[in-house]
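Chain by chain, the residues run as shown.
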Amino acid sequence: MPSDSTRRIRELEDRVESLEALRDTLLEALEATETYAWEWDIESDTVDRHPAFETLFGVDATELEPIFENFVERVHTAYREDVVEAFETAIEEGSSYHVQYPLTLGDEEIWLEGQGQVVLNDDGTPGRIVGTTRRIPEPEDT
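Residues numbered from 1 in each chain as written. Predicted model: local features only at pLDDT ≥ 70, side-chain atom pairs only at ≥ 80, totals over all residues. Heavy atoms only, no water.

A.B. asks: Break down the packing of aromatic side chains for me, citing the residues and quoting the values.
C.D. replies: This model, assessed by the stated rule, comprises three aromatic pairs. With centroids separated by 6.0 Å and ring planes inclined at 70°, the aromatic side chains of Trp40 and Phe87 adopt a geometry described as edge-to-face. Here Phe87 lies in helix H4 (residues 77-93) and Trp40 lies in strand S1 (residues 35-41), a separation of 47 residues in the sequence. The class for Trp40 is buried, based on a relative accessible area of 8%. Take Phe87: its relative accessible area is 6%, and that puts it in the buried class. (Phe/Tyr/Trp six-rings, centres within 6.5 Å; stacked < 30°, edge-to-face > 60°. Helix = DSSP H or I, 4+ residues; strand = E, 2+ residues; numbered from the N terminus. Buried < 20%, exposed > 50% of the residue type's maximum accessible area, 1.4 Å probe, protein only.)

Encoded structure:
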């Protein structure tokens, strides 16, 4: 008869295996839909990106530092104010945002759709934003 600690170790190993399988499925779904997930730590201005970011957008992630300023500079000028306002409003209100915009990467302009949610710190201040960005066809109403 296995000891309680042996049983607990097996339970934890099974849980880890299950979580790894779920992670792999989610990563495959993101890649299949040309979506990447990211988390922006507002205070430190650092971003953790889905591993497929560089593949999807053909750019080295280090080329995008500083994060927000570099991102905004790549947004088409006609959409830049709307994108900045969406982020600023979400941060001020601790809410979500949703935007569609063209982004310049090298010689190419691609359309993206982004959505995310501000996550508040324990003291109620905005700490980070978690979100997704995906490639989309150019909207017909542009």
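A.B. asks: Any details on the pairing of strand S3 (residues 96-105)? Residues and values, ideally.
C.D. replies: Consecutive side chains of a regular strand alternate in pointing toward one face of the sheet and then the other. Examined bridge by bridge, S3 and strand S4 (residues 108-120) share ten bridges and lie antiparallel to one another. The residue bridging His98 from the neighbouring strand is Gln115, located in S4. (Pairing = 2+ DSSP bridges.)

A.B. asks: Can you explain unusual backbone geometry? Please cite residues and give values.
C.D. replies: For Glu34, which is not a glycine, the phi torsion comes out positive at approximately 50°. With respect to the element layout, Glu34 can be found in the loop between helix H1 (4-32) and S1. A positive phi angle, close to 55°, is found at Asp45, a residue other than glycine. Residue position: Asp45 is located in the loop between S1 and strand S2 (46-49).

A.B. asks: Outline the sheet that holds S1, listing residues and values.
C.D. replies: Strand pairing in a sheet takes place through backbone hydrogen bonds and is either antiparallel or parallel in direction. Spatially, S2-S1-S5-S4-S3 is the arrangement adopted by the five strands of the open sheet, whose pairing is antiparallel. The strands lining the two open edges of the sheet, one partner per strand, are S2 and S3. Averaged over all adjacent pairs, the angle separating strand axes in this sheet is 25°, with direction ignored. (Axes fitted to C-alpha atoms, helices over the stretch in contact; angles between N-to-C directions.)

A.B. asks: Can you lay out the pattern of salt bridges for me, pointing to particular residues and giving the numbers?
C.D. replies: Tallying each qualifying case throughout the model produces six salt bridges. Across the salt bridge formed by Arg128 and Glu39, the nearest N and O atoms sit 3.0 Å from each other. Here Arg128, found in strand S5 (residues 126-136), pairs with Glu39, found in strand S1; they are 89 residues apart in sequence, far enough to count as distant. Residue class for Arg128 comes out partly exposed when judged on its relative accessible area of 32%. (Salt bridge = Lys/Arg side-chain N within 4 Å of Asp/Glu carboxyl O.)

Functional significance is not addressed by these values, which are geometric in nature.
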